[in-house]
Amino acid sequence: MVGVISLIALGVTTLALYAGKLSGPWRPAFVIGATLALYLNVFVGIVQAFQKLPPLKQLAPTQTEPPFVVTQVVTLVVFAALGVFAVRRFGASRAA
């Protein structure tokens, strides 16, 4: 399911880049889509790390324990903050 959402986000970014030429509302769509796709890839990476790496697996064997939840929440907050910064910085329409 995460992969499907990531592909949809990447589809929007591709559309924004090639069809929309990053103009007008396509700029923030590109930034949001790229940030979301990257976050989802990192999310899956964290899940995989907690499943495969023995020290992390000991900390959160069922992935409902606080170390796993805190890691995911911190990652989400960091990506949300970077996404907001990126939209403010790059998402505003610029005269070409």
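Right above here is the structure, for reference.
Residues numbered from 1 in each chain as written. Predicted model: local features only at pLDDT ≥ 70, side-chain atom pairs only at ≥ 80, totals over all residues. Heavy atoms only, no water.

Draft legend 1. Molecular detail of the packing of helix α1 (residues 2-19) against helix α2 (residues 26-52). One way to put it is that α1 packs onto α2 with a least axis distance of 8 Å and a crossing angle of 150 degrees. One element, α1, and the other, α2, form an angle in the roughly antiparallel class. In this structure, α1 crosses over α2, and the sense of that crossing is left-handed. Contacts between α1 and α2 involve Val 2, Ile 5, Ser 6, Ala 9, Leu 10, Val 12, Thr 13, Leu 15, Ala 16 and Leu 17 from the former and Trp 26, Ala 29, Phe 30, Gly 33, Ala 34, Leu 36, Ala 37, Leu 40, Asn 41, Phe 43 and Val 44 from the latter. Considering only residue class, the contact of α1 with α2 consists of 17 nonpolar, 4 polar and no charged. (Axes fitted to C-alpha atoms, helices over the stretch in contact; angles between N-to-C directions. Helix = DSSP H or I, 4+ residues; strand = E, 2+ residues; numbered from the N terminus. Parallel < 35°, antiparallel > 145°, perpendicular 65-115°, else oblique. Left-handed = near helix turned anticlockwise from the far one by under 90°. Contact = heavy atoms within 4.5 Å. Nonpolar A, V, L, I, M, F, W, Y, C, P; charged D, E, K, R; others polar.)

Draft legend 2. Focus on the packing of aromatic side chains. Within the structure shown, the criterion is met by 4 aromatic pairs. With centroids separated by 5.2 Å and ring planes inclined at 85 degrees, the aromatic side chains of Phe 50 and Phe 68 adopt a geometry described as edge-to-face. On the criterion of sequence distance, the pair formed by Phe 50 in helix α2 and Phe 68 in helix α4 (residues 66-90) is long-range, its members being 18 residues apart. What makes Phe 50 buried here is its relative accessible area of 5%. Taken together through their ring pairs, the aromatic side chains of Tyr 39, Phe 43 and Phe 79 make up a single cluster. Taking the ring centre of Phe 90 as reference, the NZ or CZ of Arg 27 above it sits at 4.3 Å. (Phe/Tyr/Trp six-rings, centres within 6.5 Å; stacked < 30°, edge-to-face > 60°. Buried < 20%, exposed > 50% of the residue type's maximum accessible area, 1.4 Å probe, protein only. Lys NZ or Arg CZ within 6 Å of the ring centre and 35° of its normal.)

Draft legend 3. Region of the structure containing the nonpolar core. Ranked by size, the top nonpolar core spans 5 residues in total: Ile 46, Val 47, Phe 50, Ala 60 and Phe 68. Per element, the largest residue contribution to this core is 3 residues, and it comes from α2. Residues contacting Ile 46, with those up to four places away along its chain left out, are Phe 68, Thr 71, Gln 72 and Thr 75. (Core = buried A, V, L, I, M, F, W, Y, C linked by side-chain atoms within 4.5 Å.)

Draft legend 4. Highlighting α1. Look at α1: 25 Å from first C-alpha to last across 18 residues, which is about the 26 Å you get at 1.5 Å a residue. Ser 6, Ala 9, Thr 13 and Ala 16 are the residues of α1 that are buried. The buried side chains of α1 occupy one side of the element, clustering within an arc of 85 degrees when seen end-on. Set apart from the buried face of α1 by more than 90 degrees, the exposed residues are Leu 7, Ile 8, Tyr 18 and Ala 19. Looking at the buried side of α1, the elements it contacts are α2. Where α1 terminates, the next one or two residues include Lys 21, which has phi positive at roughly 55 degrees. (Expected span 1.5 Å × (residues − 1). Arc of directions from axis to C-beta.)

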